[in-house]
Amino acid sequence: MTAKEKETNRSRQQDVEITGSEAVIRSLITEGVEVIFGYPGGAIMPVYDALYDYRNALRHILTRHEQGAVHAAQGYARVSGKVGVCISTSGPGATNLITGLADALIDSTPLVCIAGQVPSPLLGTDAFQESDVVGISMPVTKWNFQITCAEDIPEAISKAFYIAASGRPGPVLLEITKDAQFGKLKYKYFKCHKIRSYVPEYPVGIEKLSEAAILINKAKKPFLLYGQGVLLGGAELELKRFIEKTGIPAAGTLLGLSAINTDHPLNVGMLGMHGNYGPNIKTNECDVLIAVGMRFDDRVTGTLKTYAKQAKIIHIEIDPAEIDKNVKTDVALCGDARKILRSLTALTEQKEHPSWVNEFEKAHNIEVKKVIHADLYPSKPGLTMGEVIRLVSEYSKNKAVIVSDVGQHQMAAARYSKFKKSRSHITSGGLGTMGFGLPAAIGAKLGAPERDVVVFAGDGGFQMTIQELGTIAQENLAVKMVVLNNHFLGMVRQWQELFFEKRYSFTEILSPDFEIVAAAYGIPGNTVSTRDELVKAIKTMFLTDGPYLLEVNIEKEDNIFPMVPSGASVSDILLSQEDAVK
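It should be emphasised that the depicted structure is a prediction, and the values quoted were computed from it without experimental measurement.

Chemist: I would appreciate a short explanation of the overall build of the protein chain in the present structure.
Modeler: Along the backbone of the protein chain there are 25 helices and 20 strands. Whereas a compact globule of 582 residues would reach a radius of gyration of roughly 25 Å, the protein chain reaches 25 Å, a difference of no more than 12%. By principal-axis analysis of the C-alpha atoms, the protein chain measures approximately 70 × 65 × 50 Å. In the protein chain, buried positions account for 59% of the 582 residues. A total accessible area of about 23,800 Å² is found for the protein chain, and carbon and sulfur atoms account for 53% of it. Separation between the mean location of the 62 positive side-chain charges and that of the 66 negative ones in the protein chain comes to 6 Å.

Chemist: It is not clear to me how the packing of aromatic side chains should be interpreted in this structure. Could you clarify?
Modeler: This structure, assessed with the given rule, holds 11 aromatic pairs. Between the aromatic rings of phenylalanine 223 and phenylalanine 360, the centroid separation amounts to 5.0 Å while the plane-to-plane angle is 50°, which identifies the pairing as tilted. With a gap of 137 residues between them, phenylalanine 223 in strand E9 (residues 222-226) and phenylalanine 360 in helix H16 (residues 354-376) connect regions that are remote in the sequence. There is no split in this pair, since phenylalanine 223 and phenylalanine 360 are both buried. Seen in terms of ring centroids, phenylalanine 296 and tyrosine 307 are 6.0 Å apart; in terms of plane orientation they differ by 75°. Their pairing is edge-to-face. With phenylalanine 296 in the loop between strand E12 (288-292) and helix H14 (298-301) and tyrosine 307 in the loop between H14 and strand E13 (312-317), this residue pair connects regions lying 11 residues apart in the sequence.

Chemist: How should I be thinking about the environment of arginine 299 in this particular structure?
Modeler: Structurally, arginine 299 can be placed in helix H14. Taking relative accessible area as the criterion, arginine 299 reaches 45% and is therefore assigned partly exposed. Excluding anything up to four places from it in sequence, arginine 299 contacts Gly272 and Met273.

Chemist: Which parts of the structure should I look at to understand the sheet that holds E9?
Modeler: Ordered by their spatial adjacency, six strands build an open sheet running E11-E10-E9-E12-E13-E14, and the pairing between neighbours is parallel. Lying at the two open borders of the sheet, with one neighbouring strand each, are strand E11 (267-270) and strand E14 (331-334). Between one strand and the next, the sheet's axes are offset by a mean angle of 15°, whatever the strand orientation. Relative to E11, strand E10 (residues 250-252) is paired through two bridges, and the arrangement is parallel. Bridged to glycine 252 within E11 is methionine 270. The sheet contacts of helix H15 (residues 337-347) involve E12, E13 and E14, and relative to E13 the element is tilted by about 135°.

Chemist: What is the right way to read the packing of helix H12 (residues 236-246) against H15 from this model?
Modeler: Helices that pack against each other are described as a pair by the angle of their axes relative to one another and the distance between those axes. Contact geometry for H12 and H15: axes closest at 9 Å, N-to-C directions at 25°. Looking at the two axes, H12 sits roughly parallel to H15. You can see that H12 and H15 cross each other, and the crossing is left-handed. The segment H12 lies against H15, with Glu238, Leu239, Arg241, Phe242 and Lys245 engaging Arg338, Leu341, Arg342, Leu344, Thr345 and Ala346.

Chemist: How should I be thinking about the layout of surface pockets in this particular structure?
Modeler: In this approach a probe as big as a water molecule rolls over the atoms, and the regions it shows empty are the leftover space. Of the pockets and cavities examined, the second largest pocket occupies roughly 820 Å³. Contributing to the lining of the second largest pocket are 36 residues, with Thr262, Asn267, Gly269, His364 and Lys418 lying nearest its centre. Of all the secondary structure elements, the ones that give two or more residues to the lining of the second largest pocket are E11, helix H13 (277-283), H16, helix H17 (385-395) and helix H18 (408-416). Among the elements that make up the lining of the second largest pocket, the one with the highest residue count is H16 (eight residues). Its residues assigned to classes, the lining of the second largest pocket comprises 17 nonpolar, 11 polar and eight charged.

Quick notes on the rules
Residues numbered from 1 in each chain as written. Predicted model: local features only at pLDDT ≥ 70, side-chain atom pairs only at ≥ 80, totals over all residues. Heavy atoms only, no water. Helix = DSSP H or I, 4+ residues; strand = E, 2+ residues; numbered from the N terminus. Rg over C-alpha atoms; globule rule 2.2 N^0.38 Å. Buried < 20%, exposed > 50% of the residue type's maximum accessible area, 1.4 Å probe, protein only. Areas by Shrake-Rupley, 256 points an atom, 1.4 Å probe, with all protein chains shown as cover. Lys, Arg positive; Asp, Glu negative; His and termini not counted. Charge placed at Lys NZ, Arg CZ, Asp CG, Glu CD. Phe/Tyr/Trp six-rings, centres within 6.5 Å; stacked < 30°, edge-to-face > 60°. Contact = heavy atoms within 4.5 Å. Pairing = 2+ DSSP bridges. Axes fitted to C-alpha atoms, helices over the stretch in contact; angles between N-to-C directions. Parallel < 35°, antiparallel > 145°, perpendicular 65-115°, else oblique. Left-handed = near helix turned anticlockwise from the far one by under 90°. 1 Å grid on protein atoms, 1.4 Å probe; cavity = no way out; pocket = protein on both sides within 12 Å on 5 of 7 lines; lining within 4 Å. Points joined across faces, edges and corners; volume = space filled by probe spheres on them. Nonpolar A, V, L, I, M, F, W, Y, C, P; charged D, E, K, R; others polar.

Right, here's the structure in full:
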């Protein structure tokens, strides 16, 4: 079909009168949506009925819970760079989305979530499965809107996609009453490119750029922190060129990992509570601190009273609300990271800082000696989280998408996985949502079907969304699941051990035989407890077509260090249990 014939066909389609529910489906297709996650119910049934006729154009993934749907949409968005889409019914179906919406908002994940609602004449009557979803979701969405007539559906969906993906990305929720889904309209769809009063990106003047460049060119000990904003803005190449020209060492936040290859000589590790020793202590020694696409979260800064007080702060951030919110900046560059880095690179001088970079190397060697070597190559008989993650990363040649749930294993996965490709690390950052990992891995696999996807989960978090094994089985998704089982809620137990005199209050957890549970869904698996078994099992996992579950029994008191205690300075980072006791 020629371009002219396609345009004529599109025009004819837009002149046809259709139902609101069909308008929903057509609008999603026009926005380029290929995969949606959802769970049907009464108030969204007209949309699902319309979807029946578009099964070849849209792939619908039936999750086992609405929370699974929204987390899967997050995983899809984070890997693919597209807007994730999920659908639910009204009442409990819509309220089950709230945790995922909150997670997506704080982690800047672009989502469009569509929820059904009771017919508009019944609004406010406490009708069956009615809840004030617009009111409930307002604090955890970038925008939400209730649609009560069919004619408003195309415009609302167009706005939703524009708002979700532009500027600082985030989740949008549309609630559509049942009568609007049944209603008729003459379908016309126009892509949204601008909304009055909504400014997704601010231009940066040359004066500010020059001011930043002067600070960078004069710096003796510059240090760059990169966050997820680099990934969201597609600024990976610009960041690499900038640090290579200026010779500035760079460290990533938890969500910024994989923006720069792990083995890049200027990549000095991860920031944060369980980040690397060098990046944490050197934050309070640098003279210029450049933050790119990160929001100075408390897990990165520790106490603000002592955070980088000696440094000039340059903050590159697209969301003006984040500028000066936590850390006072000397130069604020509010705008698109890719454009700003490109301009800064042109204004900065070609430099190297060998002695300064060597200080990070010395700190790394201390951490290797005190922490890393024992984690990755333990002499004790029991298995550690670090060695499991190292072996998985090595077997995948450091090319797999690593998804993690929340807890000790999450920090180990971030510390010991290595990355050679962008958008390879998916986890719940700001909200720290247990149960995120398994459904997010579903979305990640659908967003990058050509890549290996491995999810690491603890025995606690895995059970929070364990029902999504059914989704994996039904869709035959080749998700590789590694459950690191220490028979405890590990992160809470670690805090109880270090700060609550080993009073393990309700953190020991009984779990099912995960291998048998997986087998009940027709998913092969294995359970291992020794090193010899582990190496063979990892190979089998990767060589098995389709999904696979590997349960690894690890040391019960395998702790994650380094650690910046809550409320402490990043300079007070603990390297061992002995440091914590002191």
